[in-house]
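Listed below, chain by chain, are the residues.
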Amino acid sequence: EALGLAQRTLPVLLKMPQVGHVVVHIGHATLGHGVGDVNRAEFDVTLSALGNRDSLASEGAIRAALGRIPGIRFWASTFLTERIHEVLSGTTAPIVVHVFGTRFQAIDADATRVAALLRRLPGAQAVAIAAPAATPSISVKLRRRALVRYGFEPRTVLAAIETGFAGQEVGRVYRGGTSWPITVLLRPSPDSDPASIGELPLLDGNGRIVPLGALATLKEYDGRAVILHQNAQRVQNITVQVRGSATAFLHRAQKSLRKLHLAAGTYLTVGGTAKAASGTRRALLLSGFAVFILIVVLLSIALGRWRPAVLLAVNLPFALLGGIAALWVARLPLSLGAEVGLVTVFGITLRNGLMLLSHYQHLVTQEGVQWSPEAAERGAVERVVPIVLTATVTALALLPLAIGAGLPGQEIEGPMAIVILGGLVSSTPLTLLALPGLAARFLRPEHLHAADTGI
């Protein structure tokens, strides 16, 4: 089935001018690190020079082209995003629901209900159960009396079955620095039922041909290709690919799952990168608030007075507006990379404001300038060059990352660079224009009579 998916999908991809090369992964390699299901194929798509000009638009074109192929469900992600998903949750999806229990039937029934519920939620792009409950299988049970009657050893029969249906390597072809295996196996039959498999001819010691059906009982049944365990418990995983904000979908899913009644002895948990990002975001907000209080205390110590420190602290949130506006213009979500960028803007704005207030202290205490609106203007003019120069150098360093924010591999650095650039655009004029006016209005000469910080 996975081969059929590849045969339908591969020609569509190769015809697109945005696509350079495509590598298809089907099944499970001998030395592979993952087990592929029979109805799943994975495509590694390398964009062409045309596609790399705008990777986001190219991804949208690929999604639109695959969406016109009937009978398939698909999702697309970059290599870095997929690796992050696998490290945090063991799957390649941003959201995964774990259904734990002791009985296979109860776990599978609840997992099916969970998957049906998630598919109905807005934003669900692809919902899949990791370990299919029923996989068509054929059991081969050798009959000892028949083996003795025809003179066969069990290992001989099992080796013949393996050679016929799984293949056996009998040699290799060497060409240049590459070699290919020569594998012997039967031609795949479109109707692999017990009757056709039972016709496998076996040769006994006397040269007689005996069909496999005379030596074994073959039976078709629904088996399990994969049995998942986590924390020494049986588990069934439901993976969810999301269109739009994964955090918003996570909140909707958690709210809906609370109303779902599970079988006795079965319970579920929600994980994935969206869950980890939500917890990290809360921790970041709490630690950011604590650090904000600590910064005010340290500024009060450094400036010798509490009012200049409060003035800087009040100025900081307004400097973040540029970063938020840059995210809105770029149509990017508030990711962890963007939040790190906001923290960076926070620090840059604080440094520039501290440089300005420290220079005011120097003018009043060292040069004997009378504090006034004119003195505030003079201090701002004298600090224009260092503040603008540091902002310009930082912006030029981040510009390549911001331009390539949509390229694969820059899912974290790209939004961070865009937020910092937007924050620099808003914080630099705010420091040089708004802060001097606020300082002239709210600061008194005695607030500036403190030891020079030397900044």
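These figures come from a predicted structure and were not determined experimentally. Each chain carries its own residue numbering, running from 1 in the direction its sequence is written. Residue-level local features of this predicted model are given only where pLDDT is at least 70; pairs of side-chain atoms are given and counted only at 80 or more, and the full residue set underlies all totals for whole chains, interfaces and linings. The basis for the side-chain values is all heavy atoms of the structure; hydrogens and waters are excluded.

Q: I'm lost on helix 14 (residues 373–382) in this one. Help?
A: Three or four residues apart is the spacing at which side chains of an α-helix point the same way, because the helix has 3.6 residues per turn. Considered for burial, the residues of helix 14 that qualify are Ala375, Ala376, Gly379 and Ala380. An end-on view of helix 14 places all buried positions within 135° of arc, on one side of the element. Turned more than 90 degrees off the buried face of helix 14, the exposed positions are Pro373, Glu374, Glu377 and Val381. Only heavy atoms enter the contact rule, under which two residues are in contact if any of them lie within 4.5 Å. Secondary structure elements follow DSSP: runs of H or I of four or more residues count as helices, runs of E of two or more count as strands, with numbering from the N terminus. Buried residues along helix 14 sit against helix 13 (336–365), helix 15 (384–403) and helix 16 (413–442). Summary of the burial criterion: residues with accessible area below 20% of their type's maximum are buried, those above 50% are exposed, and those between are partly exposed, where the area comes from a 1.4 Å probe applied to protein chains only. Throughout, the arc means the angular range of directions from the helix axis out to the C-beta atoms.

Q: Quick question: what am I supposed to make of the pairing of strand 3 (residues 95–101) here?
A: Counting buried positions along strand 3 yields seven of seven residues, so the element is predominantly enclosed. The alternating pattern of strand 3 places Ile95, Val97, Val99 and Gly101 and Val96, His98 and Phe100 on opposite faces, both of which are buried. With seven bridges connecting them, strand 3 and strand 12 (residues 233–242) associate as antiparallel partners. Residue Val97 lies in a different strand from strand 12, and its bridge partner there is Ile238. What makes two strands pair is DSSP finding at least two bridges between them. Bridge count between strand 3 and strand 13 (residues 267–271): five bridges; the pairing is antiparallel.

Q: Which parts of the structure should I look at to understand a nonpolar patch on the surface?
A: Like charges within 9 Å and nonpolar side chains (Val, Leu, Ile, Met, Phe, Trp, Tyr) within 5 Å are joined into patches, using only residues over 30% in relative accessible area that form no salt bridge. Per-residue accessibility takes into account occlusion by the displayed protein chains alone, with areas from the Shrake-Rupley method and a 1.4 Å probe. Think of a salt bridge as a Lys or Arg side-chain nitrogen and an Asp or Glu carboxyl oxygen that are within 4 Å of each other. On the surface, a nonpolar cluster with roughly 620 Å² of combined accessible area is contributed by Phe289, Ile293, Leu294, Val297, Leu298 and Ile301. Mapped onto the elements of the fold, Ile301 is located in helix 10 (residues 273–303).

Q: Where do I start with the pairing of strand 6 (residues 168–175) in this structure?
A: When a strand is regular, its side chains alternate between the sheet's two faces. Here seven bridges tie strand 6 to strand 7 (residues 178–184), and the two strands are oriented antiparallel to one another. Residue pairing for strand 7: Glu169 is matched across the bridge by Thr183.

Q: For this particular structure, what's the right way to read the pattern of salt bridges?
A: It is possible for side chains of opposite charge to pair when their charged atoms get near one another. For the structure on display, the rule yields six salt bridges. Here Glu153 and Arg155 are joined by a salt bridge, their closest N and O atoms 3.1 Å apart. Glu382 is the partner of Arg378 in a salt bridge, and the nearest nitrogen-oxygen pair spans 2.8 Å. Of this pair, Arg378 and Glu382 are both found in helix 14, four residues apart, which corresponds to roughly one turn of the helix. Take Glu382: its relative accessible area is 35%, and that puts it in the partly exposed class. Here the salt bridges do not stand alone but share partners, grouping Glu367, Arg378 and Glu382 into one network.

Q: What exactly am I supposed to notice about the nonpolar core here?
A: Core analysis: the biggest nonpolar cluster contains 35 residues, and Leu299, Leu312, Tyr360, Trp371 and Ile420 have the highest contact counts within it. For this core, the element with the highest residue contribution is helix 13, accounting for 10 residues. Core analysis: the second largest hydrophobic core is formed by 22 residues, Ile107, Ala111, Val240 and Ala274 among them. We define the nonpolar core as a collection of buried residues of types Ala, Val, Leu, Ile, Met, Phe, Trp, Tyr and Cys that are connected through side-chain atoms lying within 4.5 Å of one another.

Q: Help me understand the packing of helix 14 against helix 16 in this model?
A: The angle between the axes and the distance between the axes are what describe a pair of packed helices. Fitted lines through C-alpha atoms give the axes, limited to the stretch in contact for helices. The angle between two N-to-C directions lies from 0 to 180 degrees. Contact pair helix 14 / helix 16: the axes reach a minimum separation of 9 Å and the direction vectors enclose 150°. Here helix 14 lies roughly antiparallel to helix 16, going by the angle between them. Where helix 14 crosses over helix 16, the handedness of that crossing is right-handed. Across from Pro373, Ala376 and Ala380 in helix 14, the residues of helix 16 making contact are Leu432, Pro436 and Ala440. Lys, Arg, Asp and Glu make up the charged group, whereas Ala, Val, Leu, Ile, Met, Phe, Trp, Tyr, Cys and Pro make up the nonpolar group; the residues left over, Gly among them, are polar. By residue class, the composition of the contact of helix 14 with helix 16 is six nonpolar, no polar and no charged. Oblique is the label for any angle not covered by the other classes, which are roughly parallel (under 35 degrees), roughly antiparallel (over 145) and roughly perpendicular (65 to 115). With the far helix as reference, a near helix turned anticlockwise by less than a right angle produces a left-handed crossing, and one turned clockwise produces a right-handed crossing.

Q: Looking at this structure, how should I read the packing of aromatic side chains?
A: Remark: the centre distance and the inter-plane angle together describe each pair of aromatic rings, the angle taken between the planes. Each Phe, Tyr or Trp ring (for Trp, its six-membered ring) is paired with any other whose centre lies within 6.5 Å, and the angle between the two planes then decides the class: stacked below 30 degrees, edge-to-face above 60, tilted in between. Scanning the model with the defined rule gives two aromatic pairs in all. Ring centres 5.1 Å apart and planes at 15° place the aromatic pair Phe100 and Tyr267 in the stacked group. Of this pair, Phe100 sits in strand 3 while Tyr267 is found in strand 13, placing the two residues 167 residues apart along the sequence. Relative accessible area serves as the criterion here: at 3%, Phe100 is assigned to the buried category. On the basis of relative accessibility, which here comes to 36%, the residue Tyr267 falls in the partly exposed class. Arranged with centres 5.1 Å apart and planes meeting at 65°, the rings of Tyr360 and Trp371 form a pair that is edge-to-face. Here the residue Tyr360 occupies a position in helix 13, and Trp371 occupies one in the loop between helix 13 and helix 14, the gap between them amounting to 11 residues. Across the pair, Trp371 and Tyr360 agree in class, each one buried. We call a charge positioned over a ring when the NZ of a Lys or the CZ of an Arg lies within 6 Å of the ring centre and within 35 degrees of the ring normal. The ring of Phe104 carries the charged tip of Arg234 above its face, separated from the ring centre by 4.0 Å.

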